[in-house]
Amino acid sequence: MALREDFLWGGATAANQCEGGYNEGGRGLANVDVVPVGKDRGAIITGKMKMFDFDDEHFYPALEAIDMYHRYKEDIALFGEMGFKTYRLSIAWTRIFPNGDEQEPNEEGLKFYEDLFKECHKYGIEPLVTITHFDCPMHLITEYGGWRNRKMVGFYENLCHAIFNRYKGLVKYWLTFNEINIILHAPFMGAGLYFEEGENEEQVKFQSAHHELMASAIATRIAHEVDPENQVGCMLAAGNYYPYTCDPKDVFKAQQEDRENYFFIDVQSRGEYPAYALKKLEREGIEIQMEEGDKEILKANTVDFISFSYYASRVASADPAVNAKTAGNIFESVKNPYLDASEWGWQIDPLGLRITMNAMYDRYQKPLFIVENGLGAVDVPDENGYVEDDYRIAYMAAHIEAMKDAVNLDGIDLLGYTSWGCIDLVSAGTGEMKKRYGFIYVDRDNEGKGTLKRTKKKSFNWYKQVIASNGEDL
Ligand code: P53
């Protein structure tokens, strides 16, 4: 066995991290626009500090980002040159519905992505589209409270009708919510949630999660109705938990932590709330308001494939004395003494990718799709602007090797692999430009200075050869 002939090699981005053009083409304001780089970012993305508009003290990197809004032709040509079979991108909701609650979509926004998808097809690149990647129209947050409000399901449904109909024949791979489990860790990005003082945050998060799960199921139904060719996936921020020791308490803790994440995919893939989650919600006094017919909708509209991001495995310990934590990640984890870490403290574990894939395939028995993986690192260009990113090549080669083992030795059905940030873009966690993932260097710094010029890194030609050999030549 080897990777499938039609294996979807490519790269991934998200609108808010690369497009810029935040007030062009009739686009409305979104939560992701007002998230600044720097120290307040953590409080804002977790819904603890209110930032519903711009102020003078902060710098907002998403407003211009890497200006892909104006430069997508140049960028897609470079992806084509690397031989991409697919390009994962997200639609900015506010380009299609600037406020979110309009009846009719914004033609300029629809046209923008239509042109972009056509540009992809020129190079034989199949778009893989995330419907929402951390973005929510600001108007839906100020008027309705974001995803805590059931009305969001209807607004999302309108968005789906508009894009599925318009892009029929141009797009067939869809993801409903990027990293749906992020709602528990960064609820302002995951669901447009801001918490008032004294609010029961867990109650709000799980009610909002129910709304997203309903929206995801309804999107899946509409996608299949509009075009039976459509393939819809869920998307998990994955990375299995290891027990810190073989103490059964640690093993149990790791299993519990994994379930926090798999809960979402259990609903999206199996079509019902798992027993352990119902019991936990009951124990914690969290009551989810459901409407009549919700359970049937969830059951009837499960996803076609399971997509996920993988950067690192995680570690759980039941012992409060074990408190050395990894740095710089929205998902908290105990430090794993066997692993090295990136400059941002993200631990590096290629075998963990194979372990995670097996856990998911055992659980769901549906095709998997790796839609994010990569190394965020500081790149230092030489006098010609060239970056010799051997560290990135080493990271990716090791992960692709583990991925191939999962396919060849374990028999997992894998649709494709899209590396994260195939062109340098703004970091979601920190808002920095300095944390780079790309095969293509973009001249821009954390303060927004730079020419935005694109330059191929060493990894550009390396990835080209990986794709040309269908993963044989690493
Ligand atoms: P940055 C945390 C943990 C795992 C995945 O992240 C995460 C995050 C958020 O930081 O998000 C995904 O840019 C996300 C992308 C993001 C990428 O990981 O913080 O889907 O939008 O850019 C990498 O290094």
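See the structure above.
Before going into details, it helps to say that this report is about the structure given with it. All figures in this text were calculated on a predicted structure; none of them were measured in a lab.

## Details of the pattern of salt bridges
Line of reasoning, step 1. Going through the model one piece at a time under the given rule, you end up with 38 salt bridges.
Line of reasoning, step 2. Of the charged contacts, one joins Asp-266 and Arg-270 as a salt bridge, the two residues approaching to 3.4 Å between their closest N and O atoms. Of the two residues, Asp-266 and Arg-270 both sit in helix H10 (residues 248-270), four residues apart, roughly one turn of that helix.
Line of reasoning, step 3. Judged by relative accessible area, Asp-266 falls into the buried class, the value being 0%.
Line of reasoning, step 4. Taking the relative accessible area as the measure of exposure, Arg-270 reaches 38% and is therefore partly exposed.
Line of reasoning, step 5. Notably, a salt bridge pairs Glu-272 with Lys-299, separated by 3.5 Å at the nearest N-O pair. Taken together, the positions of Glu-272 in the loop between H10 and helix H11 (275-283) and Lys-299 in helix H12 (residues 294-300) put the pair 27 residues apart, joining distant regions of the chain.

## A short note on the site of the ligand
Line of reasoning, step 1. Around the ligand sit 17 residues in total, of which Gln-17, Glu-372, Ala-428, Lys-435 and Tyr-437 are the nearest.
Line of reasoning, step 2. A distance of 2.9 Å is found between an oxygen atom of the ligand and a side-chain nitrogen or oxygen belonging to Asn-178.
Line of reasoning, step 3. Within the side chain of Tyr-311, one N or O atom sits 3.4 Å away from an oxygen atom of the ligand.
Line of reasoning, step 4. If the ligand stood free it would expose 470 Å²; the protein chains cover 98% of that surface.
Line of reasoning, step 5. A per-class count over the shell around the ligand returns eight nonpolar, six polar and three charged.

What counts as what
- Residues numbered from 1 in each chain as written.
- Predicted model: local features only at pLDDT ≥ 70, side-chain atom pairs only at ≥ 80, totals over all residues.
- Heavy atoms only, no water.
- Salt bridge = Lys/Arg side-chain N within 4 Å of Asp/Glu carboxyl O.
- Helix = DSSP H or I, 4+ residues; strand = E, 2+ residues; numbered from the N terminus.
- Buried < 20%, exposed > 50% of the residue type's maximum accessible area, 1.4 Å probe, protein only.
- Near = heavy atom within 4 Å.
- Polar contact = N/O pair within 3.5 Å; in protein donor to acceptor, adjacent residues only side chain to side chain.
- Areas by Shrake-Rupley, 256 points an atom, 1.4 Å probe, with all protein chains shown as cover.
- Nonpolar A, V, L, I, M, F, W, Y, C, P; charged D, E, K, R; others polar.

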